[in-house]
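The chain contents come next:
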Amino acid sequence: MAFHVIETERLTLRPFTPEDADFLYDVFSRPEVARWSGDGVPIADRDEALRRIAGQPKRAGDHPAAGIFHVSVRETGVPAGLVLFAPLPPSEGVDRDDMEVGWHFHPDAWGNGYATEAAQALVDRGFAAGLGEIYAVTHPDNAASQAVCRRLGMTDLGLRSEWYDVELRAFRIDQPRE
Ligand SMILES: CC(C)(COP(=O)(O)OP(=O)(O)OC[C@H]1O[C@@H](n2cnc3c(N)ncnc32)[C@H](O)[C@@H]1OP(=O)(O)O)[C@@H](O)C(=O)NCCC(=O)NCCS
């Protein structure tokens, strides 16, 4: 994963470094954030945050548009959250090769449109890299995340089980036609 910096109107996106461990811990130690990802268990300590940062390049894979990005507010430099563009793990026995866009923000940063703005930059980048479609998957009860999908113009595919070995509410956006 190259050290790629992306600027949007209000935000800077860049790869994580070990110095971001405190921020990652601050975000994912909060039950209101952790409950919507993976096993739903808040991150245990700063060392686990460091291990997650070290594992990000492997998780992102080698697609040219892939990455896991630290998001901060340009005007203030304050860290706001994380967005990712990465392979969507297929459920066992499912033969699919999809890319997902995802977002996790610090509660202090919610309600500003930052998640949508950062994710839009990654969607645009994915299409620029030639992808035909991009997915997002959400816990069925995660209304806030589903609202981000809708703001991005994604289509609601309903409850689907093709990814992560669990039933999730999935969304897709197709490459715009010329
Ligand atoms: C999902 C999550 C990122 C959504 O954050 P969010 O701030 O609600 O989403 P957006 O960035 O799209 O912001 C939209 C909100 O900002 C408001 N807003 C304020 N100023 C704005 C501006 N200049 N531009 C756009 N929206 C703005 C919108 O009105 C909207 O508020 P509303 O929901 O009260 O109507 C956040 O809830 C989160 O991190 N949750 C925990 C982790 C999680 O669930 N991740 C997803 C796993 S699938």
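See the structure shown above.
Asks: Would you mind going over the environment of G81 with me for this structure?
Replies: Relative to the assigned elements, G81 resides in strand β4 (residues 79–88). Along the backbone, G81 and E167 are 86 residues apart, and their C-alpha atoms lie at a distance of 25 Å. Dropping the residues within four chain positions of it, G81 is found in contact with F16, F23, F69, H70, V71, H104, F105 and H106.

Asks: Hey, could you run me through helix α3 (residues 46–60) in this one?
Replies: At 3.6 residues per turn, the α-helix brings residues three or four places apart onto the same side. The end-to-end C-alpha distance of α3 is 21 Å, a good match for the 21 Å that 15 residues give at a rise of 1.5 Å each. Along its length, α3 reaches its greatest deviation from straightness, about 35°, at A54, and the proline P57 lies no more than four positions downstream. Buried residues in α3 make contact with α1 (21–28), β3 (67–73) and β4.

Asks: Explanation requested: the pairing of β4 in the structure shown.
Replies: Residues in a regular strand project their side chains so that they alternate between the two faces of the sheet. Of all 10 residues making up β4, 8 are buried, and the element is well covered by its neighbours. If you look at the hairpin formed by β3 and β4, you'll find 5 residues sitting between the two strands, and G77 has a positive phi there, around 80°.

Asks: Help me out: how do you make sense of the site of the ligand in this one?
Replies: Residues in contact with the ligand amount to 21 residues; listed here are only the nearest, W103, G111, A115, T116 and R151. Between a nitrogen atom of the ligand and a side-chain N or O atom of R10, the distance comes to 3.4 Å. One nitrogen or oxygen atom from the side chain of R151 is found 2.7 Å from an oxygen atom belonging to the ligand. Relative to its unbound accessible area of 960 Å², the ligand is 66% covered by the protein chains. In terms of residue class, the shell around the ligand is made up of 10 nonpolar, 8 polar and 3 charged.

Asks: Is there a simple way to explain helix α4 (residues 114–128) in this structure?
Replies: The end-to-end C-alpha distance of α4, which contains 15 residues, comes to 21 Å, matching closely the 21 Å that a straight helix rising 1.5 Å per residue would cover. α4 sits mainly inside the fold: 12 of its 15 residues count as buried. Following α4 by one or two positions, G130 has its phi on the positive side, about 100°.

Asks: Looking at this structure, I do not really get the side chain of H104. What am I missing?
Replies: Relative to the helices and strands, H104 is located in strand β5 (residues 98–105). Under the relative-accessibility criterion, H104 is labelled buried at 17%. With residues up to four places along the chain from it excluded, the contact list for H104 reads F28, V33, S37, G81 and L82.

Asks: Can you help me understand the nonpolar core in this one?
Replies: Nonpolar side chains tend to gather and get buried jointly when the protein is soluble and globular. One finds L13, V83, V101, W103 and F105 to be the most contacted residues of the largest nonpolar core, which totals 48 residues. Broken down by element, this core gets its largest block of residues, 8 residues, from α4. Setting aside anything within four residues of it in sequence, one finds L13 in contact with H4, V5, I6, T8, F69, H70, V71, V83, A118, A121 and L122. Membership of the second largest hydrophobic core comes to 6 residues, among which are L88, Y135, W163 and A170.

Conventions adopted
Just so you know, the residues in each chain are numbered from 1, in the order the chain's sequence is written. Confidence filtering applies because this is a predicted model: local features only for residues at pLDDT of at least 70, side-chain atom pairs given and counted only at 80 or more, and all residues used for totals across whole chains, interfaces and linings. Only hydrogens and water are removed before side-chain values are computed, so all heavy atoms of the structure are retained for them. Note on conventions: DSSP H or I runs of at least 4 residues are helices, E runs of at least 2 residues are strands, and numbering of each starts at the N terminus. A contact between two residues is defined here by any heavy atoms of the two lying within 4.5 Å. Any helix carries an expected span of 1.5 Å times its number of residues minus one. Note that bend, as reported per residue, equals the angle between axes fitted to the 7 residues terminating at that residue and the 7 residues originating from it. Categorising residues by exposure relies on relative accessible area from a 1.4 Å probe, with only protein chains included: less than 20% of the type maximum marks a residue as buried, more than 50% marks it as exposed, and the intermediate range marks it as partly exposed. Note: two strands are recorded as paired if DSSP finds a minimum of 2 bridges between them. Near residues are defined by distance, with any heavy atom within 4 Å of the molecule or strand qualifying the residue. Side-chain atoms alone can form a polar contact between residues adjacent in sequence; in general such a contact is a pair of N or O atoms within 3.5 Å, and within protein one must be able to donate a hydrogen while the other accepts it. Note on areas: Shrake-Rupley, 1.4 Å probe, and residue coverage restricted to the protein chains presented here. All residues other than Ala, Val, Leu, Ile, Met, Phe, Trp, Tyr, Cys, Pro, Asp, Glu, Lys and Arg, Gly among them, are scored as polar; the first ten of these are nonpolar and the last four charged. What makes a nonpolar core is a set of buried Ala, Val, Leu, Ile, Met, Phe, Trp, Tyr and Cys residues whose side-chain atoms join them at distances within 4.5 Å.

Note that all results are geometric; they support no functional claim without further evidence.
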